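Summary of structural features
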Amino acid sequence: QVQLVESGGGLVQPGGSLRLSCAASGLAFSNYVMSWYRQVPEKEREMVARISRFGSRINYADSVKGRFTISRDNVKNTVYLQMNSLKPDDTAVYYCNADHYAGTNTYWGQGTQVTVSA
């Protein structure tokens, strides 16, 4: 059974930092492109950051470039999202996504709430 378990969300003041983690189990982690998405009520889920299987290719949404950093550890089967200089507009539920490189499977975590507020 595949599980993606996010952690690290919470309440932070503007300008602060958080580090999200997503621990994967039940899958061959290095076969999956890993991404972080976020969603606010009544809006579509948007991709925040994506990292290739071995970390050679990374993409960010324009809104987070220079502030967020995605990384992965294929030994610990974990993907991270370091979020710095947080803004109120970053408030959302953040989801971890695992997408098989051949397009055969995709999995989602349950989400973790990030709230940026004074």
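We now turn to the structure provided with this report. (Residues numbered from 1 in each chain as written. Predicted model: local features only at pLDDT ≥ 70, side-chain atom pairs only at ≥ 80, totals over all residues. Heavy atoms only, no water.)

1. Section: the overall build of the protein chain
- Within the protein chain, the regular secondary structure consists of 0 helices and 11 strands.
- The C-alpha radius of gyration computed for the protein chain amounts to 14 Å, which stays within 12% of the reference 13 Å derived for 118 residues, consistent with globular compactness.
- With the principal axes as the frame, the protein chain shows a C-alpha extent of 40 × 25 × 25 Å.
- Taking all 118 residues of the protein chain together, the buried fraction comes to 40%.
- Taking the intrachain contacts of the protein chain between residues at least 6 apart in sequence as the baseline, contacts between residues at least 24 apart amount to 53%.
- Accessible surface, the protein chain as shown: approximately 6,300 Å² in total, 46% of it carbon and sulfur.
- Side chains of the protein chain carry 12 positive and 9 negative charges; the gap between the two charge centres is 7 Å. (Helix = DSSP H or I, 4+ residues; strand = E, 2+ residues; numbered from the N terminus. Rg over C-alpha atoms; globule rule 2.2 N^0.38 Å. Buried < 20%, exposed > 50% of the residue type's maximum accessible area, 1.4 Å probe, protein only. Contact = heavy atoms within 4.5 Å. Areas by Shrake-Rupley, 256 points an atom, 1.4 Å probe, with all protein chains shown as cover. Lys, Arg positive; Asp, Glu negative; His and termini not counted. Charge placed at Lys NZ, Arg CZ, Asp CG, Glu CD.)

2. Describing the pairing of strand β4 (residues 32-39)
- For β4, the buried fraction is high: 7 of the 8 residues fall into the buried class.
- In this structure, β4 lies alongside strand β9 (residues 92-100), joined through 8 bridges in antiparallel fashion. Bridge pairing links Val-33 to Asp-99 in β9.
- For β4 and strand β5 (residues 46-51), the ladder comprises 5 bridges, and the chain directions are antiparallel. Looking at the pairing, Trp-36 lines up with Ala-49 of β5. (Pairing = 2+ DSSP bridges.)

3. With respect to the nonpolar core
- Counting residues in hydrophobic clusters, the biggest one holds 28 residues, and the most contacted among them are Met-34, Trp-36, Val-79, Leu-81, Met-83 and Tyr-94.
- Counting residues per element, the ones that place at least two in this core are β3 (18-25), β4, β5, β7 (68-73), β8 (78-83), β9 and β11 (112-116).
- Residues in contact with Val-79, not counting those within four places in the same chain, are Leu-20, Ser-21, Cys-22, Phe-29, Met-34, Trp-36, Ile-51, Ile-70, Ser-71, Arg-72 and Cys-96. (Core = buried A, V, L, I, M, F, W, Y, C linked by side-chain atoms within 4.5 Å.)

4. Observations regarding the sheet that holds β8
- In space, the 4 strands of this open sheet follow the order β1-β3-β8-β7, with antiparallel pairing throughout. Of all the strands in the sheet, just β1 (3-7) and β7 have a single pairing partner and so form its edges. Neighbour-to-neighbour, the strand axes of this sheet turn through a mean angle of 15 degrees, independent of strand direction. (Axes fitted to C-alpha atoms, helices over the stretch in contact; angles between N-to-C directions.)

5. Thoughts on the environment of Ser-21
- Turning to its location among the elements, Ser-21 is positioned in strand β3.
- Expressed as a C-alpha distance, the spacing of Ser-21 and Val-5, which sit 16 residues apart in the sequence, is 8.0 Å.
- Not counting the four nearest positions on each side in its chain, Ser-21 is found in contact with Val-5, Glu-6, Ser-7, Trp-36, Thr-78, Val-79 and Tyr-80.

6. A closer look at unusual backbone geometry
- With a phi close to 55 degrees, Asn-77 is a non-glycine residue in the positive phi region.
- Here Asn-77 is to be found in the loop between β7 and β8.
- Of note, the phi angle at Ser-85 is positive, near 50 degrees, even though the residue is not glycine.

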